[in-house]
Amino acid sequence: MTHAFLSDEWMTAAREIREKYGSGEAAGPAIKVNLTITGVPFGEGTVESHIDTSTGAAEMELGKLDDADVSLTTDYDTAKTIFVLQDQAAGMQAFMTGKVVVQGDMMKLMSLNATLAAAPNAAEVSEEIKAITA
């Protein structure tokens, strides 16, 4: 079954996938990133979420963190391309054309991809998350 990216159902299914493989250690520096995703095709049209590696595991949840290192704002399609399809070239192009707005510690944000990719079972988790995403 597939779910709209960042919907409550998607978040639950993605959390179950991450738990299935265990949290593992997030390689690299701890980072807390707030995400504001606009143009969402459900709910009120905007989703606030975050990625947090400060506990040693990479966790993506709904809601904002008060002490984020960096904040990223982009539209739904761009976020899906970056976080689900993991198309980093498209992410860089979106940043260069202003479709991604970043505030805060850019160096930590740049380390996030390597941190997530180095997590145990990252490829398996990524493939299963792609499979549940509509």
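K.L.:
Would you mind going over the environment of D105 with me for this structure?
P.N.:
One can find D105 in the loop between β5 (100–104) and α4 (106–117). Remark: the alpha-carbon pair of D105 and K32, spanning 73 residues in sequence, is separated by 10.0 Å. Of the polar contacts made by the side chain of D105, one reaches the backbone nitrogen of M107; its length is 3.2 Å. A polar contact is formed between the side chain of D105 and the backbone nitrogen of K108, at a distance of 3.1 Å.

K.L.:
Looking at this structure, I do not really get the sheet that holds β5. What am I missing?
P.N.:
Working definition: the strands of a sheet are paired by backbone hydrogen bonds and lie parallel or antiparallel to each other. Spatial ordering of the open sheet is given by β3-β2-β1-β4-β5, a layout of five strands whose pairing is mixed. Strands with a single pairing partner mark the edges of an open sheet, and in this sheet they are β3 (59–62) and β5. Between one strand axis and the next, the sheet turns by 20° as a mean value, whatever way the strands run.

K.L.:
Any chance you could explain the pattern of salt bridges here in plain terms?
P.N.:
Scanning all chains against the criterion turns up seven salt bridges. D69 serves as the salt-bridge partner of K108, at 3.5 Å between the closest nitrogen and oxygen. Taken together, the residues K108 in helix α4 and D69 in the loop between β3 and β4 (70–75) connect sequence positions 39 residues apart. Overall, K108 belongs to the partly exposed group, its relative accessible area being 25%. Given a relative accessible area of 27%, D69 falls into the partly exposed group. Via salt bridges that share partners, R15, R18 and E61 belong to a single interconnected network.

K.L.:
I'm lost on helix α1 (residues 8–20) in this one. Help?
P.N.:
Three- or four-residue spacings in an α-helix give side chains the same orientation, since the helix completes a turn every 3.6 residues. Taking 1.5 Å per residue, 13 residues should reach 18 Å; α1 reaches 18 Å between its end C-alpha atoms and fits that length. Just downstream of α1, G22 is the residue with a positive phi angle, here 80°.

K.L.:
What should I look at first to understand the layout of surface pockets in this one?
P.N.:
To locate leftover empty space, one rolls a probe as large as a water molecule over the atoms. What the largest pocket holds in volume is close to 1100 Å³. In this structure, the largest pocket is lined by 42 residues; those nearest its centre are I51, F83, L112, N113 and L116. Of all the elements in the fold, those that place two or more residues in the lining of the largest pocket are α1, β1 (32–38), β3, α2 (76–83), α3 (88–96), β5, α4 and α5 (122–132). The element best represented in the lining of the largest pocket is α4, accounting for seven residues. Classifying every residue of the lining of the largest pocket by side-chain character gives 28 nonpolar, eight polar and six charged.

Calculation notes
Residues numbered from 1 in each chain as written. Predicted model: local features only at pLDDT ≥ 70, side-chain atom pairs only at ≥ 80, totals over all residues. Heavy atoms only, no water. Helix = DSSP H or I, 4+ residues; strand = E, 2+ residues; numbered from the N terminus. Polar contact = N/O pair within 3.5 Å; in protein donor to acceptor, adjacent residues only side chain to side chain. Pairing = 2+ DSSP bridges. Axes fitted to C-alpha atoms, helices over the stretch in contact; angles between N-to-C directions. Salt bridge = Lys/Arg side-chain N within 4 Å of Asp/Glu carboxyl O. Buried < 20%, exposed > 50% of the residue type's maximum accessible area, 1.4 Å probe, protein only. Expected span 1.5 Å × (residues − 1). 1 Å grid on protein atoms, 1.4 Å probe; cavity = no way out; pocket = protein on both sides within 12 Å on 5 of 7 lines; lining within 4 Å. Points joined across faces, edges and corners; volume = space filled by probe spheres on them. Nonpolar A, V, L, I, M, F, W, Y, C, P; charged D, E, K, R; others polar.

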